[in-house]
Amino acid sequence: MEVCYQLPVLPLDRPVPKHVLSRRGAISFSSSSSLFGAPDPRQLSQRRGAISYDSSDQTALYIRMLGDVRVRSQVGFEPERRSSHPYMCIDFRTLHTRLGCGSTSASSAPERRVHRLLSFQRYLHSSRLLRGVPQQIPLHILDEDYTGQARCMLEKVGNWNFDIFLFDRLTNGNSLITLTFHLLNQYGLVELFQLDMVKLWRFLVMVQEDYHSDNPYHNAVHAADVTQAMYCYMREPMLAKSLTSCDILLGLLAAATHDLDHPGVNQPFLIKTDHYLATLYRNTSVLENHHWKSAVGLLRETGLFSHMPAEDSLNMERELGSLILATDISRQNEYLTRFRVHLDQDNLCLSSASHRHFILQMALKCADICNPCRPWELSKQWSEKVTEEFFQQGDIEKKHKLEVSPLCDRQANTVGNIQIGFMTYVAEPLFAEWARFSDTRLSQTMLGHMGLNKASWGGLQQEQTSVTEEAEPITAGTDAKDPTAAAGATARRDSNTATTAGGTSSKEIPQGSRES
């Protein structure tokens, strides 16, 4: 039996502090370590880069290299089963239950497997399993006693310049789990709502698993970024003094799950490919309904709210859905108009539960599209990622001879013009109204960043235009002097265009029922 411990990468040039060696999160080999088949600690310390050994504390070793440390049992008793450990190697796709007709017949009742609808991500994992292909990206979970640079970053999690990309690297790709758990604990919500720690951790692990890591934009890092932005908004004076603990819990959970199981394509794509989700939700807020139902499925599967009265649990699920459904970009004008009316009439009363919920909806909408409001170094990365996801959808549509969706043709669009249009018609109107509601330093900072980022994209667009105009006369002169070379260049351009339009892509139409 092998027990695999997967631990974070820490700088190898730093000595391990003594207090870390004694913490529960470290892997310890005491004088009885021979029971687990472990070699002598001095032998372990000689392994290249894997172990740091503190001679002043010979009872503890701290693993400092990413990877598996396999401890093989060599004694007569059975070690802990993998399935009994909530954080490692659990297959949550299938639940097993026994049906009985009373306490006397329960033991003899037939066993039945109960399956829930697999998400796209879980279906992919299941298919790989059936084909004998191992999962390519292992799930590395940090111990709750996380240390080092990730912990230092969490101390500044309310800073608008928070670098979620760096934090994701420091947590070995577990930014969503680590950040959400930290914020729930920081607010005291775990204790206040009496949330079971194992169920909560399992829920967060499953949430992160159901985000598609191969999506350039709609992945777990985006969810973590939105969760951090939501935390910043809920700390604003207008909200901090009014939100209840229930509001905060719903806000954080909605931010963490708002794009759960996103397939990497938009709603029009699902509709025109006759995807079963479009049929299920009648072509209305298809993705948002799916995100909500997926989140509810995980809440029920893990039993995170099972200790609450049934009515309270259902109410939490409904309000969670109301927040997630508000992120539908096609309903942007509807929410924005309602927000303007409230601000014009100055009738927002945050002592009212319905008004607080509406403000949470607007906060989540802002958090979802706040990338243009981040500093340029972060905003540019997000812009490139979301545009690449658009272009990948366009490549799929070309491959299957479907009409290419707006903004998804990489030959007709650039990152700059897409971002400038998005800021002008979507982001600026929303954040201008948010600044009216919450006229704080953060709101002015966001508007300032967005103005600078828009100007930066405009400058890049001008540079690209100038380079193109300078290249055209040179090309024309070459064509006039050498018709053969011009014909060859034209042939090469046609070949490249054909390759781009018909080339293979890592994405396929996700379970659509019609392919052209």
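Keep in mind the model is a prediction, meaning the values are calculated, not measured.

K.L.:
Is there a simple way to explain the layout of surface pockets in this structure?
P.N.:
Vacant regions in the atomic arrangement are exposed by a probe of water-molecule size rolled over the atoms. Its boundaries defined by the atoms lining it, the second largest pocket holds a volume of some 1,000 Å³. Taken together, 38 residues form the lining of the second largest pocket, with His218, Asn266, Ile329, Phe390 and Phe422 sitting closest to its centre. Elements with a contribution of two residues or more to the lining of the second largest pocket: helix H12 (267-272), helix H14 (286-302), helix H17 (353-368), helix H18 (376-399) and helix H19 (415-437). Tallying contributions element by element places H18 first for the lining of the second largest pocket, with six residues. Looking at the lining of the second largest pocket, its residues break down into 16 nonpolar, 16 polar and six charged. Summarising the domain contributions, the lining of the second largest pocket has at least three residues from each of domain 1 (145-369) and domain 2 (371-466).

K.L.:
Help me understand the UniProt feature "binding site: AMP" (unreviewed entry) in the protein chain, please; the structure alone is not making it clear to me.
P.N.:
The UniProt record annotates "binding site: AMP" (unreviewed entry) at His218, Asn219, Ala220, Val221, His222, Asp259, Asp368 and Gln419. Residues from the named set that contribute to the lining of the second largest pocket are His218, His222, Asp259, Asp368 and Gln419. With respect to the helices and strands, the residue Asn219 is situated in the loop between helix H8 (197-209) and helix H9 (220-234). When near neighbours in sequence (up to four residues on either side) are disregarded, Asn219 contacts Tyr211 and His212.

K.L.:
Got a minute to help me understand the packing of aromatic side chains in this structure?
P.N.:
In this description, a pair of aromatic rings is defined by centroid distance and the angle of the planes. According to the stated counting rule, one finds twelve aromatic pairs in the structure shown. Here Phe165 and Trp382 contribute two aromatic rings whose centre-to-centre distance is 4.6 Å and whose plane-to-plane angle is 40°, an arrangement assigned as tilted. One end of the pair, Phe165, is in helix H5 (residues 164-170); the other, Trp382, is in helix H18, and 217 residues separate them in sequence. Relative accessible area serves as the criterion here: at 10%, Phe165 is assigned to the buried category. A ring pair is formed by Tyr187 and Tyr231, whose centres lie 5.9 Å apart and whose planes are at 75°; its orientation type is edge-to-face. Of the two residues, Tyr187 sits in the loop between helix H6 (175-186) and helix H7 (189-192) while Tyr231 sits in helix H9, which places them 44 residues apart along the sequence. For Tyr231, a relative accessible area of 6% translates into the label buried. Above the ring of Trp160, the side-chain terminus of Arg374 is found at 4.0 Å from the ring centroid.

K.L.:
Help me out: how do you make sense of unusual backbone geometry in this one?
P.N.:
It is generally the case that most residues other than glycine have a negative phi and that most peptide bonds are trans. The phi angle at Asn172 is positive, at roughly 55°, despite the residue not being glycine. Among the secondary structure elements, Asn172 is positioned in the loop between H5 and H6. The phi angle at Asn283 is positive, at roughly 60°, despite the residue not being glycine.

K.L.:
What's the story with empty space enclosed by the protein in this structure? I'm lost.
P.N.:
Scanning the model with the defined rule gives one cavity of 30 Å³ or more in all. Each pocket or cavity is described by its volume, and for the largest cavity that value is around 30 Å³. Along its surface, the largest cavity is lined by Met238, Leu239, Ser242, Leu243, Leu350, Arg356 and Ile359. Among the elements of the structure, helix H10 (237-240) and H17 are those that each provide at least two residues to the lining of the largest cavity. Its residues placed into classes, the lining of the largest cavity shows five nonpolar, one polar and one charged.

K.L.:
Sorry if this is basic, but what is going on with the pattern of salt bridges here?
P.N.:
For the coordinates displayed, the defined rule picks out 13 salt bridges. A salt bridge links Glu334 to Arg331, with the shortest nitrogen-to-oxygen separation between them at 2.8 Å. On the basis of relative accessibility, which here comes to 45%, the residue Glu334 falls in the partly exposed class. If you follow the salt bridges from partner to partner, you end up with Arg340, Asp344, Glu433 and Arg436 in one network.

K.L.:
How should I be thinking about the UniProt feature "binding site: Zn(2+) 2" (unreviewed entry) in the protein chain in this particular structure?
P.N.:
Per the UniProt entry, the sites bearing "binding site: Zn(2+) 2" (unreviewed entry) are Asp259 in this numbering. Looking at the secondary structure, you find Asp259 in the loop between helix H11 (245-257) and H12. On the accessibility criterion, Asp259 (6% relative accessible area) is buried. Setting aside chain neighbours within four positions, we find Asp259 in contact with Tyr211, His218, His222, His291 and Asp368.

K.L.:
Help me understand the packing of H6 against H11 in this model?
P.N.:
When two helices pack together, you describe them by how their axes are tilted relative to each other and by the distance separating the axes. For the pair H6 and H11, the least separation of the axes is 11 Å and the interaxial angle reads 175°. Relative to H11, H6 is oriented roughly antiparallel. Here Leu176, Thr180, Leu183 and Leu184 of H6 come into contact with H11, specifically with Leu249, Leu252 and Ala256. Classifying every residue of the contact of H6 with H11 by side-chain character gives six nonpolar, one polar and no charged.

K.L.:
So what exactly am I meant to see when it comes to helix H16 (residues 332-345) here?
P.N.:
Note on helix geometry: an α-helix contains 3.6 residues per turn, so any two residues three or four positions apart are oriented the same way. Taking 1.5 Å per residue, 14 residues should reach 20 Å; H16 reaches 20 Å between its end C-alpha atoms and fits that length. Along H16, the residues classified as buried are Gln332, Tyr335, Leu336, Phe339, His342 and Leu343. The arc enclosing the buried residues of H16, seen along the axis, measures out at 125°, which places them on a common side. Of the residues in H16, the exposed ones pointing more than 90 degrees away from the buried face are Asn333, Asp344 and Gln345. Each element contacted by the buried residues of H16 is listed here: H17 and H19. Note on H16: the residue one or two positions beyond its end, Asp346, has a positive phi of about 50°.

K.L.:
Help me understand the confidence of the model for the protein chain in this model?
P.N.:
In low-pLDDT segments, the atomic positions of the prediction should not be examined closely. In the predicted model, the protein chain carries a mean pLDDT of 76, and 63% of its residues have values of at least 70. In the model, residues 19-116 has pLDDT below 50 throughout and makes 162 contacts with residues more than four positions away in sequence or in other chains. Under a pLDDT of 50 for its full length, residues 134-146 has, in the predicted model, 34 contacts with residues more than four places off or in other chains.

K.L.:
How should the side chain of Gln361 be read in this particular structure?
P.N.:
For Gln361, the position within the fold is in helix H17. In this structure Gln361 touches Ser322, Leu323, Ala326, Tyr335 and Arg338, once residues within four positions along its chain are discounted.

Cut-off values and rules
- Note that residues are indexed from 1 along each chain, following the sequence as it is written.
- pLDDT decides what is reported in this predicted model: residues at 70 or higher carry local features, side-chain atom pairs at 80 or more are listed and counted, and totals for whole chains, interfaces and linings draw on all residues regardless.
- To obtain the side-chain values, all non-hydrogen atoms of the structure were used and water was disregarded.
- Detection works on a 1 Å grid of protein atoms alone, calling trapped sets that fit a 1.4 Å probe cavities and calling open sets with protein on both sides within 12 Å along at least five of seven lines pockets, with lining residues defined by an atom within 4 Å of a point.
- Grid points are joined across faces, edges and corners, and a volume is the space filled by probe spheres set on the points.
- A run of H or I in DSSP counts as a helix once it spans at least four residues, and a run of E counts as a strand once it spans at least two, with each numbered from the N terminus.
- Three classes are used: nonpolar for Ala, Val, Leu, Ile, Met, Phe, Trp, Tyr, Cys and Pro, charged for Asp, Glu, Lys and Arg, and polar for all others, with Gly counted as polar.
- Each domain's limits were defined by an automated method or a database of domain assignments.
- UniProt positions are given in the numbering used here, feature names are shortened, and annotations may be inferred rather than shown by experiment.
- Whether two residues are in contact is decided by their heavy atoms: any pair within 4.5 Å suffices.
- Here a pair means two rings of Phe, Tyr or Trp (six-membered ring of Trp) with centres within 6.5 Å. Their orientation is stacked below 30 degrees between planes, edge-to-face above 60, and tilted elsewhere.
- We call a residue buried when its accessible area falls under 20% of the maximum for its residue type, exposed when it is over 50%, and partly exposed in between, using a 1.4 Å probe and counting protein chains only.
- Ring-over charges, as used throughout, are those where CZ of Arg or NZ of Lys falls within 6 Å of the ring centre and within 35 degrees of the ring normal.
- What makes a salt bridge here is a side-chain nitrogen of Lys or Arg within 4 Å of a carboxyl oxygen of Asp or Glu, nothing more.
- Angles shown run from 0 to 180 degrees and are taken between the N-to-C directions of axes, each axis being a line fitted to C-alpha atoms and, for helices, limited to the stretch in contact.
- Under this scheme an angle from 65 to 115 degrees is roughly perpendicular, one under 35 degrees roughly parallel, and one over 145 degrees roughly antiparallel; angles in between are oblique.
- Helix span, as expected, comes to 1.5 Å for every residue beyond the first.
- As used here, the arc is the angular range of directions from the helix axis to the C-beta atoms.
- Confidence of the predictor at the level of single residues is given by pLDDT, which spans 0 to 100.

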